[in-house]
Amino acid sequence: MARVVVDVMLKPEILDPQGQAVQRALPRLGFAGIADVRQGKRFELEVEGPVDDAALARIHEMAETFLANTVIEDFVVKVES
Amino acid sequence: MTARIGVVTFPGTLDDQDALRAARLAGAEPVSLWHRDKDLKQVDAVVLAGGFSYGDYLRAGAISRFSPVMETIIEQAKAGMPVLGICNGFQILTEAHLLPGAMLRNNHLHFICRDQKLRVENTGTAWTSDYTEGQEIEVPLKNMDGRYVADERVLDELEAEGRVAFRYLDVNPNGSLRDIAGITNAAGNVVGLMPHPEHAVEPLVGTGKTDGLGFFTSILKKLVNA
């Protein structure tokens, strides 16, 4: 079965306090040199049948209407080999 | 004759009983609606109450927005039926694109529960006619994902059209842009806000005031006079 990954990230202009909290914790834990952290979501979809243009178009539609809220989030669809 | 006000229960809704009670105290006939039922039971208006429908999975309101009852509510709201979204209900309305913008995690990352002062800035909506323009009210606020965001163009449009219906006073509790606590659609029938008017309808509980009752008396007057 083929795997398609949808990565969802807050748009760059949207404040991400969760990412900031992670970033602020890093020096205390001994991880230096990280200037910024943004937190997102990753969806792994196990696709039945071929991952052709039609299947990818459906996944794109799914991401746009459901997995991401495009008012605040961007998404990327990737086929994993 | 009175009006029928429906309140939807999703899995994880918490404040449906308070909303039904508020509708009854205002003189309306409260009607329970079920998330899996497309039938709105001939209600004249709908309240989407607070809580954590579907556990806020994915995003607050993101899954509820696709439930069977919402299909009918979205269709009817576009045709003019009054809809009030409180807290999680507001989140559902933005996810359904009945209201612009989106709700995100509070900027300080803490759950907040406090009595909150608001200014009523638009009394022309179906749910706010019993208030006076600029009136200050105090109702409970309790949420995790209460930070209202929209892009600058949408914010400017909302301000220009007077569609910022409620603004936080004294303190901005969650980082909402331009202190926005609630908004209305252009037609004034769909209103959403983060604070909870349904918890401030009797002197015994909530803030000790009845500042929230006006939402329910407003809609009742509108429906009965219609």
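Our structure is the block above this text.
These numbers were taken from a predicted model, which means no experiment stands behind them. (Residues numbered from 1 in each chain as written. Chains lettered and ligands numbered in written order. Predicted model: local features only at pLDDT ≥ 70, side-chain atom pairs only at ≥ 80, totals over all residues.)

Trainee: For this particular structure, what's the right way to read the pairing of strand S10 (residues 180-184) of chain B?
Mentor: Along a regular strand, successive side chains alternate from one face of the sheet to the other. All names here are of chain B. By the criterion of burial, S10 is predominantly enclosed, with 5 of the 5 residues buried. In this sheet, S10 lies alongside strand S9 (residues 164-168) in antiparallel orientation, the contact comprising 3 bridges. From the neighbouring strand, arginine 167 faces S10, where its bridge partner is isoleucine 180. With 3 bridges connecting them, S10 and strand S11 (residues 190-193) associate as antiparallel partners. (Buried ≥ 20, exposed ≤ 12 C-beta atoms within 10 Å, placed from the backbone. Helix = DSSP H or I, 4+ residues; strand = E, 2+ residues; numbered from the N terminus. Pairing = 2+ DSSP bridges.)

Trainee: Honestly, the interface of chain B and chain A in this entry has me stumped. Any pointers?
Mentor: Accessible area lost on assembly of the parts is the figure often given for the size of an interface. The interface of chain B with chain A comprises 10 residues on the first partner and 8 residues on the second. In terms of residue class, the side of chain B that touches chain A is made up of 5 nonpolar, 2 polar and 3 charged. (Contact = placed C-beta atoms within 7 Å. Nonpolar A, V, L, I, M, F, W, Y, C, P; charged D, E, K, R; others polar.)

Trainee: Hey, could you run me through the sheet that holds strand S3 (residues 73-80) of chain A in this one?
Mentor: The strands that make up a sheet pair up through hydrogen bonds in the backbone, lying either parallel or antiparallel. Residue and element names in this part refer to chain A. With antiparallel pairing, the 3 strands of this open sheet are ordered in space as S2-S1-S3. Looking at which strands have only one partner, the edges of the open sheet turn out to be strand S2 (40-47) and S3. Pairwise comparison of adjacent strand axes, ignoring direction, gives a mean angle of 20 degrees for this sheet. Of the pairings in the sheet, the one linking strand S1 (residues 2-10) to S2 comprises 8 bridges and is antiparallel in character. Following the sheet pairing, methionine 9 is matched in S2 by glycine 40. The sheet strands contacting helix H2 (residues 53-67) are S1, S2 and S3, and the helix crosses S3 at an angle near 150 degrees. (Axes fitted to C-alpha atoms, helices over the stretch in contact; angles between N-to-C directions.)

Trainee: In this structure, what is going on with helix H1 (residues 16-25) of chain B? I would like to understand it.
Mentor: One turn of the α-helix equals 3.6 residues, which is why residues spaced by three or four share an orientation. Residue and element names in this part refer to chain B. For H1, every residue scored as buried is listed here: Asp16, Asp18, Ala19, Leu20, Ala22 and Ala23. For H1, the secondary structure elements touched by its buried residues are strand S1 (4-9), strand S2 (29-34), strand S3 (45-48) and helix H5 (213-225). Downstream of H1 by a residue or two, glycine 27 has a phi angle that is positive, lying close to 105 degrees.

Trainee: Could you clarify how one ought to interpret the nonpolar core in this entry?
Mentor: General note: in soluble globular proteins, nonpolar side chains tend to be found buried as a group. Among the nonpolar cores identified, the biggest contains 71 residues, and B:Ile5, B:Val7, B:Ala23, B:Val46, B:Val47 and B:Leu48 are the most heavily contacted of them. In contact with B:Val47, other than residues within four places in its own chain, are B:Ile5, B:Val7, B:Ala19, B:Leu84, B:Ile86 and B:Gly89. Grouped together as the second largest cluster of nonpolar side chains are 6 residues, A:Val8, A:Ile59, A:Ala63 and A:Ala68 included. (Core = buried A, V, L, I, M, F, W, Y, C linked by C-beta atoms within 7 Å.)

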